Amino acid sequence: MVDSQYYLPNDIGISALDCTEAFRLLSPREQLYAHYLSRSAWYGGLAVLLQTSPESASIFVLLQRLFRKQPPAQLGNVATAAGLSPEEYQAFLVYAAGLYANMGNYKSFGDTKFIPNLPKENLKALVWQSQAFQDSPSEMEALWDSCSTLLYSLEDKQKQLGLGDKGITTYFSGNCCLEDAELAQKFLDSKNLSAYNTRLFKKKSEGKSCYEVRLASAVQEGESAFFLLFLKCGRYNFEDRVFTVSRGDYDHLMKKVSENLEKAKDHAANENQKRMLEEYSRSFTFGSVEAHKEGSRFWIKDKGPIVESYIGFIESYRDPFGSRGEFEGFVAVVNKAMSECFAKLVSSAEVLLPELPWPKDFEKDRFLLPDFTSLDVLTFAGSGIPAGINIPNYDDIRQSEGFKNVSLGNVLAVAYATQKDKLTFLDEEDKDVYIKWKGPSFEVQVGLHELLGHGSGKLFVQDEKGTFNFEQDNVRNPETGEKITTWYKGNETWDSKFSTISCSYEECRAECVGLYLCLNKHVLSIFGHEGEDAEEVVYVNWLNMVRAGLLGLEFYTSESKSWRQAHMQARFVILRVLLEAGEGLVTLKESTGKDGRPDALITLDRSKIHTVGKGAIERFLCKLQVLKSTADVEGGRALYEGYSAVSDGGSHNFLCLRETVLQRKEARKMFVQANTRVKGDSVELVEYEGSAAGLICSFTERFADDSEEVEAHLLELNKRDAPCWTLESV
């Protein structure tokens with residue numbers, strides 16, 4: 001890894017998410033509903049600091065205290081007096097904005113650490129001369145001492161997130177390794193407990209390993225005997241170890257989340273929304289994933305709301321084991337025009353699903369038509385903002401009760417705009433086509449990826465009563481022609497079985513569905529693309545995928561031979577599949593750029609997409625689905641890890657190409673989000689400029705009413721677990 005990978009550049013793209021018109025069109029009641037849901041999401045999002053690294057919460061509080069006393073422009077005068085150059089102060093602002101945007105000091109997309117791009121002594125001088133330090137010198141010095149070493153540390157283990165010696169994680173205590181994660185999963189499965197809202201802490205007692213499985217909840221022990229029993233809290237012997245299930249993780253934050261959900265309930269539009277919020281509140285109060293699942297059922301039933309939202313411990317990308325969810329919450333307003341396109345796609349789903357390249361036995365018995373809406377984001381709290389979402393992630397609900405899809409329109413509008421001079425690894429002719437059609441093609445890909453990618457495919461299950469959801473005697477594996485011999489049993493889920501590869505494997509499957517079905521003329525016409533324009537959309541969608549596969553090498557760590565980002569690993573795998581297809585479909589060549597530095601060129605033969613390309617994706621996609629359906633972990637790992645391998649052998653030196661990609665990488669954009677504020681009987685939308693200073697101001701004002709209380713709680717929660725992050729945790 002080159003040093004620049006650990007800094008955010010001063011010219012990083014920062015854009016404001018525009019939701020002015022969408023919010024203005026809401027009724028006063030809808031605005032209040034959106035406001036309290038947003039407050040709930042923002043408070044819960046602070047838990048991500050505690051889920052990311054031991055130092056993230058302390059750095060957050062340090063920044064909040066600096067900028068609350070002196071906003072960026074005013075603190076800039078202090079920086080000058082302290083001897084910082086304008087470039088150094090801008091680097092500090094960018095670092096602060098990055099920490100807020102990622103909710104921690106590791107990139108949400110790639111899991112790499114980033115540090116301030118200015119000398120440590122210069123940053124310390126700024127802190128010491130700040131108004132915050134003048135007002136509370138002992139507190140500020142203690143804060144600095146608690147995080148400054150790790151803030152700048154780039155020791156090998158601290159360069160990226162990971163488990164054991166592969167990186168940093170706070171989902172597990174510092175003395176846990178992969179074997180501990182696997183044992184804990186077996187224990188959770190035996191008790192029918194989900195890992196989504198848990199963390200694992202290990203210690204030794206009388207020579208025996210003891211584990212604490214801690215559930216996120218507002219209440220701790222001694223409250224609600226019913227829920228203690230229901231959640232199976234208590235002490236257990238399991239495989240000669242002791243497991244204790246406890247509650248109270250992030251307790252202060254979960255209390256704030258629940259309180260604001262209760263306030264939002266007073267402004268709900270219907271009974272489904274009220275019941276949804278009641279169950280969510282119970283989930284965060286008592287630590288019950290079952291209550292969150294029940295809330296998700298009401299959420300699915302809430303069809304076509306004006307204000308859409310979801311909240312909880314959702315995505316497991318950043319758990320090194322792939323089972324624990326990172327907190328996120330979003331609130332958004334429906335974009336009716338674009339939603340009409342997605343509604344047409346939904347209505348065509350039952351016609352399109354049989355087009356997918358696996359036998360009908362491997363598809364869900366019944367496709368439950370979901371909501372699919374385009375949304376303008378008002379609030380997205382967590383470590384990052386995606387382009388689209390397919391939720392809930394609970395397999396049992398998705399298989400039999402349904403799901404929803406959302407495409408985040410105002411994110412798409414600014415996230416993927418590209419300047420020609422920053423567009424790498426394409427020839428000049430392709431660059432012009434790419435810039436023109438990237439937006440429209442990505443809309444199609446997101447729609448197909450979320451609805452028919454994540455929304456398709458059946459899992460073969462034998463339930464606790466021994467009943468199968470498929471015909472054992474009749475269903476055949478299309479790859480071998482043999483009967484099905486493996487399946488999910490009892491409480492096993494996709495995440496628990498495929499663990500460390502589950503996220504990326506599933507993203508790869510969904511991306512392949514998008515590539516495959518975008519070749520369908522009916523799909524393209526739904527989005528308004530006909531004739532030559534439709535072919536341009538197809539070409540750029542496939543071109544974007546193979547280029548993304550090359551760019552994905554940025555997110556591979558050669559030292560540990562591991563991937564740090566699920567989507568980019570998936571795209572690299574697809575690139576490998578399409579290169580392997582041969583016949584000149586994709587070519588990838590190393591070269592020297594006009595600047596004299598190593599470069600590369602990737603090209604795609606558009607005349608072979610519908611033949612060679614389609615055939616390659618068809619075969620690979622069928623394999624992915626069959627292995628997933630049949631819970632064939634061994635076969636799935638062999639296939640996926642084989643294509644994920646990055647080496648200097650074979651026809652392409654991917655390790656050398658990785659260095660080229662790192663030298664020419666472009667930093668991922670950050671987003672500035674508005675705040676809402678109740679004024680009398682109405683809600684005011686407070687917006688900020690698209691800059692590092694604007695992003696910083698949005699966060700200092702976000703918690704203005706109870707900042708000291710929130711910061712004290714964060715530091716208390718951080719201090720409580722501080723001893724757990726060393727390898728010698730006891």
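This structure is a prediction, so every number in the text was calculated from the model and none was measured.

Description of the UniProt feature "binding site: Zn(2+)" (unreviewed entry) in the chain
In the numbering used here, UniProt assigns the feature "binding site: Zn(2+)" (unreviewed entry) to His 449, His 454 and Glu 507. Spatially, the listed residues are clustered: although they cover 59 residues, their C-alpha atoms lie within 8.4 Å of one another. Setting aside residues up to four positions removed in sequence, His 449 forms contacts with His 454, Glu 507, Ala 510 and Glu 511. Mapping His 454 onto the fold places it in the loop between helix 19 (428–453) and strand 11 (461–462). Residue class for His 454 comes out buried when judged on its relative accessible area of 9%. Discounting chain neighbours no more than four positions away, the residues touching His 454 are Asn 390, Arg 398, His 449, Glu 506, Glu 507, Arg 509 and Ala 510.

So, the layout of surface pockets
By volume, the second largest pocket amounts to about 960 Å³. Asn 192, Lys 293, Asp 396, Asn 491 and Thr 493 are, among the 38 residues lining the second largest pocket, the residues nearest its centre. Put simply, the parts of the chain that give the lining of the second largest pocket at least two residues each are helix 10 (178–190), helix 14 (289–301), helix 17 (395–400) and helix 20 (494–517). If you tally residues by element for the lining of the second largest pocket, the top one is helix 17, at four residues. Looking at the lining of the second largest pocket, its residues break down into 13 nonpolar, 15 polar and ten charged.

Section: the packing of helix 23 (residues 566–580) against helix 25 (residues 633–644)
Direction vectors running N to C along helix 23 and helix 25 enclose 85 degrees, while the axes themselves pass 8 Å from each other. Relative to helix 25, the element helix 23 is oriented roughly perpendicular. Contact residues: helix 23 offers Gln 569, Ala 570, Phe 572, Val 573, Arg 576, Val 577 and Glu 580, while helix 25 offers Tyr 640, Gly 642, Tyr 643 and Ser 644. Looking at the contact of helix 23 with helix 25, its residues break down into six nonpolar, three polar and two charged.

Overview of empty space enclosed by the protein
Summary: where empty space remains is shown by rolling a probe the size of a single water molecule over the atoms. In this structure the tally under the stated criterion is six cavities of 30 Å³ or more. Top element by residues in the lining of the largest cavity is helix 28 (residues 707–721). It accounts for four residues. Classifying every residue of the lining of the largest cavity by side-chain character gives five nonpolar, three polar and five charged. Space inside the second largest cavity adds up to approximately 60 Å³. Lining the second largest cavity are Tyr 196, Asn 197, Ser 283, Phe 284, Ser 288, Val 289, His 292, Gly 312, Phe 313 and Tyr 394. Listed by contribution, the elements that provide at least two residues to the lining of the second largest cavity are helix 13 (271–286), helix 14 and strand 6 (307–315). Its residues assigned to classes, the lining of the second largest cavity comprises five nonpolar, five polar and no charged.

Cut-offs applied
Residues numbered from 1 in each chain as written. Predicted model: local features only at pLDDT ≥ 70, side-chain atom pairs only at ≥ 80, totals over all residues. Heavy atoms only, no water. UniProt positions renumbered as here; feature names shortened; annotations may be inferred. Contact = heavy atoms within 4.5 Å. Helix = DSSP H or I, 4+ residues; strand = E, 2+ residues; numbered from the N terminus. Buried < 20%, exposed > 50% of the residue type's maximum accessible area, 1.4 Å probe, protein only. 1 Å grid on protein atoms, 1.4 Å probe; cavity = no way out; pocket = protein on both sides within 12 Å on 5 of 7 lines; lining within 4 Å. Points joined across faces, edges and corners; volume = space filled by probe spheres on them. Nonpolar A, V, L, I, M, F, W, Y, C, P; charged D, E, K, R; others polar. Axes fitted to C-alpha atoms, helices over the stretch in contact; angles between N-to-C directions. Parallel < 35°, antiparallel > 145°, perpendicular 65-115°, else oblique.

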